[in-house]
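What the coordinates show
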Amino acid sequence: MSKVISFATQKGGSGKSTLALVLAAPLATEYGLKIAILDCDYQQSIVKTRKQLDEPSLAILQETDPSAAYPYDVFPMALKSIFDFIDNPENDYDLIIIDIPGRADGEDVFNALTGCDAVIVPLVSDYLDRASTAEFMGILEALKKAADKADVDFQYFGLATKRIAGRREEKEMDDYIDELGLSRFQSYLSHRMAYTRASTLHSLLTPAFRNYAGGTKDSSEEIRRVCDELIEKLDLPRRKAETAVELEEATDTTSQTESK
């Protein structure tokens, strides 16, 4: 059966759609997962990225390689339609990612959250975001307790995004979430321009695209740590990660040799 996760928050601007984009391509290409993103956000950021940015790039690739294809599927979808998609046995994905609308309120949103195996909440350390994020995670904690009583699998996690190294607010956010007894990833994503250039066609773990987007080996390591932790928490299969690491190391070694 597919595992279903959503990226959700009560505040806009937390980077939840970017988070979905950053993780989906590596999980598909380097970890070999069959993935679908259901873009239910009103802004349709993921659908627009594919249509406006990646579709022309794919057409160019297919001129020399007709077999070139997107690494995962993207579907624009109303929240009320997600259960028809999830329950359809023909949709045999390893992982279905739901991009929830920017404000996680309303009956449709909470119905969608209850249909997930896990909800991931982007944690931004700004002081004004902290209380509302913790409040939302408190609601998810209540949902988890109800799910546990009903013997239904449900998890939620905070995931620090836009993290700035050495900033005291980052530690304050971690401590605040931990003191409340809420769940969070130990891995995180820093505030990097490369993440805002994430693609539905290329993985930021691929050295060529990573370099084009302005990323570094540090950004690849961050992404891989998040992917590894997500796979572990959801008990997802991992099929190609070791091969991907070997390929990256070989590519970086070649680049260093050429530069000399």
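Residues numbered from 1 in each chain as written. Predicted model: local features only at pLDDT ≥ 70, side-chain atom pairs only at ≥ 80, totals over all residues. Heavy atoms only, no water.

1. Notes on unusual backbone geometry
Stated formally: By the criteria applied, helices consist of DSSP H or I runs no shorter than four residues and strands consist of E runs no shorter than two, each listed in order from the N terminus.
A positive phi angle is found at glutamine 44, which is not glycine, with a value near 55°. Here glutamine 44 is to be found in the loop between strand S2 (35–39) and helix H2 (45–64). A positive phi is found at lysine 162, a non-glycine position, where the angle reads about 55°. With respect to the helices and strands, the residue lysine 162 is situated in strand S6 (residues 155–163).

2. Some words on the side chain of serine 17
Cut-off, in case you're wondering: The buried label goes to any residue with under 20% of its type's maximum accessible area, the exposed label to any with over 50%, and the partly exposed label to all in between, with areas taken from a 1.4 Å probe on protein chains only. Residues are treated as being in contact if the distance between any of their heavy atoms lies within 4.5 Å.
If you trace the backbone, serine 17 turns up in helix H1 (residues 16–29). By relative accessible area, which is 10% here, serine 17 ends up buried. Not counting chain neighbours up to four residues away, the residues in contact with serine 17 comprise Asp41, Ser45, Ile46 and Asp99.

3. Description of the pairing of S2
Consecutive residues of a regular strand have side chains that alternate between opposite faces of the sheet. Spelled out, the test is: Here, strands pair whenever DSSP counts at least two bridges between them. Think of it like this: strands point away, you trace from the first strand over the helix to the second, and a clockwise trace means the crossover is right-handed.
For S2, a buried count of 5 out of 5 residues is recorded, marking the element as mostly surrounded by other parts of the structure. Across the two faces of S2 the burial is the same, with Ile35, Ile37 and Asp39 and Ala36 and Leu38 all buried. Taken together, the 5 bridges between S2 and strand S4 (residues 95–99) define a ladder with parallel strand orientation. Directly across from isoleucine 35, in S4, lies its bridge partner leucine 95. As defined by bridge partners, S2 adjoins strand S3 (residues 73–76) across 4 bridges and the pair is classed as parallel. Among the inter-strand pairings, leucine 38 is bridged to a residue of S3, identified as phenylalanine 75. Where the polypeptide runs from S2 across H2 and back to S3, its parallel neighbour, the crossover connection is right-handed.

4. As for the packing of aromatic side chains
The following threshold applies: When two rings of Phe, Tyr or Trp (its six-membered ring) have centres within 6.5 Å they constitute a pair, described as stacked for plane angles under 30 degrees, edge-to-face for angles over 60, and tilted for the intermediate range.
One pass over the full model with this rule turns up 4 aromatic pairs. Arranged with centres 5.6 Å apart and planes meeting at 90°, the rings of phenylalanine 157 and phenylalanine 185 form a pair that is edge-to-face. Residue phenylalanine 157 is found in strand S6, and its partner phenylalanine 185 is found in strand S7 (residues 184–190); the two are separated by 28 residues along the sequence. Judged by its relative accessible area of 3%, phenylalanine 185 is buried. Considering the side-chain rings of phenylalanine 209 and tyrosine 212, the 6.0 Å spacing of their centres and the 35° angle between planes classify their relative orientation as tilted. Here phenylalanine 209 pairs with tyrosine 212, and both are found in helix H8 (residues 207–212), just 3 residues apart, close to one helical turn. Under the relative-accessibility criterion, phenylalanine 209 is labelled buried at 11%. Judged by relative accessible area, tyrosine 212 falls into the exposed class, the value being 68%.

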